[in-house]
Amino acid sequence: RMLDIPCVWTLTGHSGGVVSANFSPCGRLLATTSDEGVAKIWDTRTGDCLKTLRKSAEHRREAGGDNPEYDWVYKSVYSPDGRVVAASGREDVGEKARRWGAYSGAEAL
């Protein structure tokens, strides 16, 4: 049975298909991942895109260069305190998860 819940926001900004969506522990942020090779961080109060997190050139090289099949970002997860978001692509080709500051968008090493 479907729940009758009204749509609050339609989030537009990905140019490819959305693969996953995850809320931060506090519910204030939403991370979406896509087949265009990016993750986006959204403000759940306003529906605004706060950050677009892209694979670095090094990460793209590790994942197969310019092959679009390897651009996908399949999943993301927030740290328990919500300050870091990690995203990864294809595990079957040895891609590593990358971490970014959920609010700053800076890649964490």
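None of the values given here were measured: they were computed from a predicted structure.

(A) Fine view of the sheet that holds strand β3 (residues 38-43). One open sheet holds the four strands; their spatial order is β1-β2-β3-β4, and the pairing between them is antiparallel. Single-partner strands in this sheet number two, and they are β1 (18-23) and β4 (49-54). For this sheet, the mean inter-axis angle between neighbouring strands, taken without regard to orientation, is 20°. In this sheet, strand β2 (residues 29-34) lies alongside β1 in antiparallel orientation, the contact comprising five bridges. For Ser 20, the partnering residue across the bridge sits in β2 and is Thr 33.

(B) The pattern of salt bridges, seen in detail. Tallied over the full model, the rule gives one salt bridge. In this structure, Arg 28 engages Asp 43 in a salt bridge whose closest nitrogen and oxygen atoms are separated by 3.8 Å. Of the two residues, Arg 28 is situated in the loop between β1 and β2 and Asp 43 in strand β3; the sequence distance between them amounts to 15 residues.

(C) Broad picture of the sheet that holds strand β8 (residues 107-108). Across the sheet, which stays open at both edges, the four strands sit in the order β5-β6-β7-β8 with antiparallel pairing between neighbours. Looking at strand neighbours, the two that pair on one side only are β5 (75-78) and β8, the edges of this open sheet. Bridging between β5 and strand β6 (residues 84-88) involves four bridges; their strand directions are antiparallel. The residue of β6 that forms the bridge with Lys 75 is Ser 88.

(D) Region of interest: the environment of Glu 36. In this fold, Glu 36 is placed in the loop between β2 and β3. On the accessibility criterion, Glu 36 (24% relative accessible area) is partly exposed.

(E) How the structure looks around the nonpolar core. If you look at the biggest cluster of nonpolar residues, it comprises 11 residues: Leu 29, Ala 31, Ala 39, Ile 41, Leu 53, Val 73, Tyr 78, Val 85, Ala 87, Trp 100 and Ala 102. Residue assignment for this core shows that the elements contributing at least two residues are β2, β3 and β6. Every residue in contact with Leu 53, bar those within four places of it in the chain, is listed here: Gly 37, Val 38, Ala 39, Ile 41, Val 85, Trp 100 and Gly 105.

Basis of the calculations
Residues numbered from 1 in each chain as written. Predicted model: local features only at pLDDT ≥ 70, side-chain atom pairs only at ≥ 80, totals over all residues. Heavy atoms only, no water. Pairing = 2+ DSSP bridges. Helix = DSSP H or I, 4+ residues; strand = E, 2+ residues; numbered from the N terminus. Axes fitted to C-alpha atoms, helices over the stretch in contact; angles between N-to-C directions. Salt bridge = Lys/Arg side-chain N within 4 Å of Asp/Glu carboxyl O. Buried < 20%, exposed > 50% of the residue type's maximum accessible area, 1.4 Å probe, protein only. Core = buried A, V, L, I, M, F, W, Y, C linked by side-chain atoms within 4.5 Å. Contact = heavy atoms within 4.5 Å.

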